[in-house]
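Residue-level structural notes
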Amino acid sequence: VRAVRSPWLAMALVSLAACTGAPAAPEASEPPETRCAEVMSQRRLRRLSDVELAHVVQDVAGGAMPRSSIWAADPRVDGFDGNADGLIVHGPKLEGYIDTTDAIAANVARASGCTSGVDCALGFAKTFARRAYGRPLNDDELARLRDVYATGVSTEGHDAGLRMIAQAILLSPYFLYRTELGPDGVPPEADVTLTSYEVASQLSFAITGSRPDDALLLAAERGDLVSAANVRAEAQRLLDTPGAHDQVRRFFASWLDLARWPTIKKNAGLFPQFTAEVGAAMFAQAEQTIDDTVWRGSGTLAELLGTTTAFVPPALVPMYGDEALESPAPGVRAKLDPRRRKGILTLPALLAAHSPPDTTSPVERGLFVRVRLLCQEIGAPPLVANAIPADALPPDATTRQRLEAHAKNAACSGCHDLIDPPGFAFESFDAIGFHRDTEHDKPIDASGDLAGADVRGHFHDASELVDLLLQSDAVRACFVRQVFRFAEGRREQSDCETSALHAHAKTSGHRVQDILVDYAARPAFSVRRGAR
Amino acid sequence: MRIGRRAWLTMAGASALLPLFASGGKTARAQGAPRMRLVLLMQSNGTSQSQFWPAPGGQLTSTILEPLVEDPRLQARTTVIKGLYQHAGGAGNAHDQGYSGMYSGTRSVGTFDDPWGGGISLDQILARELTFGVPIPTLNCGVLAADVPAFKDHRTSFSYLGPRMQVPTLVDPYRLYADLFSPNQDPALVKRRLAQRQSVLDYGAADLRALRGRLGAGERAKIDLHQSAIRDYEKRLAFFAAAAPAPGASPPALGLDPTNEDHVPALTPAMIDLVALALTNGLVQIVTFTMCPGGAKWRFRWLGIGQDTHDIAHHDDGKTPDVTATLVSMNRWYAGNVARLARALDAVPEPNGNGTVLDNTLIVWANEQATGQHSQDDIPVVLVGGAAGQLAGGRLIDRGPQTYHRLGCSLMGLMGAPREGFGEEPACGPVDGLLAAS
């Protein structure tokens, strides 16, 4: 593999909308660290995603969130379900909340042990709201909850009143959203520093996907979180909780398109091997291998992309065949033939997730490399593109042969010269991730040229493409952006917003845990720009 | 169709009980004067251009339209519009641009991989502009059961409150049944529970008002949506509290799976019948109904097709008989379902001899694109219904190429909220030739 590197293309070459195939001129000659002014996020409300809501319910109500059949799923933007613009409360969502909180409120009220009296009810309100909102109730809220309780008592008695207090809290926007607004009474136009409780919630949601625990609430109460060093220490502490491991798992599943795994279906006639058991084993293998690399291995992006070992659960042993260089044992990562598979990109789950049910799609796999690994944007095909009739090919033509039409037509080749080759690299794996040497009895050609990136070069197969990607600073910078988008619930406003994180991540080898901690400890974490 | 037939029959049997819920028996239930109802249907993957359009000057029929217009009553209320094009582009490809753009007049936003609707859709604009006498002004439902999940996330709903703010699609017929016809219990208990719910909702509403004052204009939009969701919910509570007790019919246990593609032939008529019941019972005014996911990869096994019809449609060069035959078969199926809805509305007379519900309704059957090969010229659009006397019917309108934004503009006018244009074409005017006067 011979790679050509162009350092400043890493950050500058983001949009390939024109897909000219020629590398764009760098935007700026200085590194972003020197040209970027401090970028502030806007004051905003961020509705909890369904997953976050379920975590908070688990934490404050001590049980799984009841399923509501009208639950409207959150939209995924860039793979992530926490996008602040996409998370709104519309009619169906509100009804889902009402449905669900009916049951939670009844349970919480019953479990409170408060059997009579307004004082006891308001005591319950204080305790419950502190965890549910991640801050104490103020006097006005307490007075209004007293009214809610009174309505309950007057209609159906104390139990109803207590249940209504719980439900009022669960349907309040202070429960359903997290605020990034700063102290009360500041005009909307003003820049603000977040309150210590808000900082605690941002931190806790970023690292654990839930509201603050008691220790973090105490730190907020003491005013400890004004110091970046203390925020960093709290972030480090939270990394050791199960919630953080779950959060990191969700990051990878979203980034790698595995979050929708249970809905992935394959043509059973063509792929009888893809049973429910094998499908579940593939997902578990991906999750376990990533988990193990992150928490027990080095955790570096290089190891994730380049590892030559993986857990091979029993259900997948036949599939791996002679690829495993030693016989797989439970709980141990088996050494794999590095010329065949290298790193997470060659995990069967990823290969299957980026394939339609019947066949491979080098376009889908190639787009994944461009969009999720290199953070490039590929423009839409021109309207005429799809009106171009497909070549008359024999039924046993290979997938690659079918896509060769792209190269023949200028309307297609501009983009597909960039998209298809990294997809071809994975042609040695079929639509369920099995290794193959032939398709329709014709030898697989997985070679190609990586163009339009900071690292360019020829590869013979997926393993060599991975080697090229491992040398790319754009891939590392993109990884930081993905972590940022996941935690922040929006895209970066420019590369400035993530350049310092990227620079710092170089020292640790781009470990996701470190990026999350740095994300929380950066100055912009606790300040917000006013509306203008 | 394995489970389909039996399940559907059970559902149909149960549905027959539903009109009893309306106080007047088999007459449309109206709150005040009958007001025009609107149903926006969306189909994906285009049509067979050679088999869809009626011959100019001839009978209003074609191979594909036959299941709809073979009934003379429906043919007399059908208007086919030829010539609409969508050239605005947007994020994603023609599937995405058309699916989210047809009824919003805005280009899709986001990336090729991850496009979303770029603006508020017609149903939600009308929900803001009109006042309603029904408990559920807008309903977004449809059929999304699919072996292959929608290729892009947005392809599940074309109803939008704003850019990227997608209203999810209700796909579960049992839930829809329960939402529309929730059997009331003891009136005294209902009253007490209402007071409790109101108190709880009031508490959150006060928090929302306080929060709103702390936000800039952009973020306020989130609060506004949340507040209007609460108001709509409260209106429904009040309506159902005041309504006559239902006969105690509860949704039958059937086994229809709203995610199973093989159940589509039972899910579609079930959802269509529930929509018809909701409209004729005066529960709903405006319906958005996605007949399938955008760019649907349905195999149409129930028609004996068994292959990815999105991909088949892609090979429609108009010259391949096998492809054309497949497209005809699936498009006739869609036409048949449109006919089912129209017939159900036509079967219920309005109060005071004011025609049938179909006479005061407009069903719009549109498609995300014109052909499976992503052409956006001559998008197939069919209007069914009298639109409260505003449409003559029985006509093919072909005044040459017109931008598809004009459809939205015309619909706004027909619904009593006239505009100069629609979406990103604020001055495009209505569809040329649609109204008798034009």
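Quick look at the structure, then. Remember, it's a predicted structure, so these values are computed and weren't measured experimentally.

Bringing the overall build of chain B into the picture now. Check the secondary structure of chain B and you find 13 helices and 11 strands. When each of the 438 residues of chain B is scored for burial, the buried share is 62%. Of the accessible surface of chain B, which amounts to about 15000 Å², a share of 52% is contributed by carbon and sulfur atoms.

Residues and elements named next belong to chain A. Following both chains from N to C, one finds helix H5 (residues 118-134) and helix H6 (residues 139-156) inclined at 125°, their axes separated by 10 Å at the closest point. Relative to H6, the element H5 lies oblique. The element H5 and its partner H6 pack so that their crossing is right-handed. Where H5 approaches H6, its residues Val118, Ala121, Leu122, Ala125, Lys126 and Tyr133 are matched on the opposing element by Glu141, Leu142, Leu145, Arg146 and Tyr149.

Let's shift gears to helix H23 (residues 496-508) of chain A. Looking at H23(A), one finds that the buried residues are Cys496(A), Glu497(A), Thr498(A), Ser499(A), Leu501(A), His502(A) and Ala505(A). Looking one or two residues beyond H23(A), the residue adopting positive phi is Gly509(A), at roughly 80°.

Along the chain, the position of Arg299(B) falls in the loop between strand E8 (284-290) and helix H11 (309-314). Judged by its relative accessible area of 8%, Arg299(B) falls in the buried class. Excluding anything up to four places from it in sequence, Arg299(B) contacts Pro357(A), Asp358(A), Asp147(B), Val148(B), Glu261(B), Ile305(B), Gly306(B), Gln307(B) and Asp308(B).

Our focus in this paragraph is the interface of chain B and chain A. Listed as interface residues are 60 residues of chain B and, on the opposing side, 67 residues of chain A. Around 5500 Å² of area is buried between chain B and chain A when both sides are counted, 59% of it from carbon and sulfur atoms. Among the residues chain B hides against chain A, the three largest losses belong to Tyr203(B), Arg214(B) and Lys222(B). Together they make up 15% of the total. Residue Arg175(B) is joined to Asp99(A) by a salt bridge in which the shortest nitrogen-to-oxygen separation is 3.1 Å. Run the count over chain B and chain A and you get 12 residue pairs in polar contact (both at pLDDT 80 or more). Elements that contribute at least two residues to the side of chain B that touches chain A include exactly helix H5 (94-101), strand E7 (165-166), helix H7 (173-181), helix H8 (187-212) and helix H9 (217-242) of chain B. The leading source of residues in the side of chain B that touches chain A is H8(B), at 15 residues.

With that out of the way, let us pick up the pattern of salt bridges. Under the counting rule described, the total for this entry stands at 65 salt bridges over all chains. For Arg250(A), the salt bridge identified is with Asp81(A), shortest N-O distance 3.6 Å. Remark: Asp81(A) occurs in the loop between helix H3 (50-61) and helix H4 (91-111) and Arg250(A) occurs in helix H12 (residues 242-255); sequence separation between them is 169 residues. Considered together, Arg250(A) and Asp81(A) belong to a single accessibility category, that of buried residues. For Asp308(B), the salt bridge goes to Lys297(B), with nearest N and O atoms at 3.2 Å. Of this pair, Asp308(B) sits in the loop between E8 and H11 while Lys297(B) sits in the loop between E8 and H11, placing them 11 residues apart in sequence. Each of the two residues, Asp308(B) as well as Lys297(B), counts as buried. If you follow the salt bridges from partner to partner, you end up with Arg44(A), Glu180(A), Glu488(A), Arg490(A), Glu497(A) and Arg528(A) in one network.

What follows deals with the packing of aromatic side chains. A full pass over the atoms with the stated rule returns 27 aromatic pairs over all chains. When the centroid spacing of 5.1 Å and the interplanar angle of 70° are considered together, the rings of Phe251(A) and Phe252(A) count as edge-to-face. Just as Phe251(A) is buried, Phe252(A) falls in that class too. Ring centres 5.7 Å apart and planes at 75° place the aromatic pair Trp298(B) and Phe300(B) in the edge-to-face group. When sorted by exposure, Trp298(B) lands in the same class as Phe300(B), which is buried. Members of the aromatic cluster, joined through ring pairs, are Phe80(A), Phe251(A), Phe252(A), Trp255(A), Phe479(A) and Phe486(A). Looking at Arg135(A), its charged tip hangs above the ring of Tyr174(A), at a distance of 4.6 Å from the centre. Positioned above the aromatic ring of Phe424(A), the side-chain terminus of Arg400(A) is 4.1 Å from the ring centre.

Glancing now at H5(B). All names here are of chain B. Most of H5 sits inside the fold, with eight of its eight residues counted as buried. Taken as a whole, H5 has its buried residues at Ala94, His95, Asp96, Gln97, Gly98, Tyr99, Ser100 and Gly101. Buried positions along H5 lie against strand E1 (37-43), strand E4 (115-116), strand E6 (160-162), E8 and H11. Regarding H5, its N-cap is Asn93, as a side-chain oxygen of that residue lies 3.0 Å from the backbone nitrogen of His95 further along.

For the rest of this paragraph, the subject is the nonpolar core. Grouped together as the largest cluster of nonpolar side chains are 90 residues, with contacts concentrated most on Phe252(A) and Trp255(A). Ranked by residues supplied to this core, first place goes to helix H22 (residues 473-488) of chain A with eight residues. Among all residues touching Phe252(A), those that are not within four sequence positions of it are Ile290(A), Val294(A), Leu304(A), Phe479(A) and Val512(A). Phe239(B), Leu274(B), Leu283(B) and Leu341(B) belong to the second largest nonpolar core, which has 69 residues in total.

All names here are of chain A. Relative to the helices and strands, Pro421 resides in helix H20 (residues 410-424). In the structure, Pro421 is positioned 37 residues away from His458 in sequence and 9.8 Å away in space, judged by C-alpha atoms. Ignoring any residue separated from it by four or fewer positions in sequence, one finds Pro421 in contact with His416, Asp449 and Phe459.

All names here are of chain B. Overall, mixed pairing links the seven strands, which are arranged E5-E8-E1-E9-E10-E2-E11 in an open sheet. Among the strands making up the open sheet, the edge pair consists of strand E5 (136-142) and strand E11 (395-403). Going from strand to strand, the sheet's axes swing by 15° on average, the running direction of each strand aside. Relative to E8, E1 runs parallel, the two being bridged by five bridges.

Each value, and the rule that gives it
- Residues numbered from 1 in each chain as written.
- Chains lettered and ligands numbered in written order.
- Predicted model: local features only at pLDDT ≥ 70, side-chain atom pairs only at ≥ 80, totals over all residues.
- Heavy atoms only, no water.
- Helix = DSSP H or I, 4+ residues; strand = E, 2+ residues; numbered from the N terminus.
- Buried < 20%, exposed > 50% of the residue type's maximum accessible area, 1.4 Å probe, protein only.
- Areas by Shrake-Rupley, 256 points an atom, 1.4 Å probe, with all protein chains shown as cover.
- Axes fitted to C-alpha atoms, helices over the stretch in contact; angles between N-to-C directions.
- Parallel < 35°, antiparallel > 145°, perpendicular 65-115°, else oblique.
- Left-handed = near helix turned anticlockwise from the far one by under 90°.
- Contact = heavy atoms within 4.5 Å.
- Buried area = accessible area lost by both parts, 1.4 Å probe.
- Salt bridge = Lys/Arg side-chain N within 4 Å of Asp/Glu carboxyl O.
- Polar contact = N/O pair within 3.5 Å; in protein donor to acceptor, adjacent residues only side chain to side chain.
- Phe/Tyr/Trp six-rings, centres within 6.5 Å; stacked < 30°, edge-to-face > 60°.
- Lys NZ or Arg CZ within 6 Å of the ring centre and 35° of its normal.
- Core = buried A, V, L, I, M, F, W, Y, C linked by side-chain atoms within 4.5 Å.
- Pairing = 2+ DSSP bridges.

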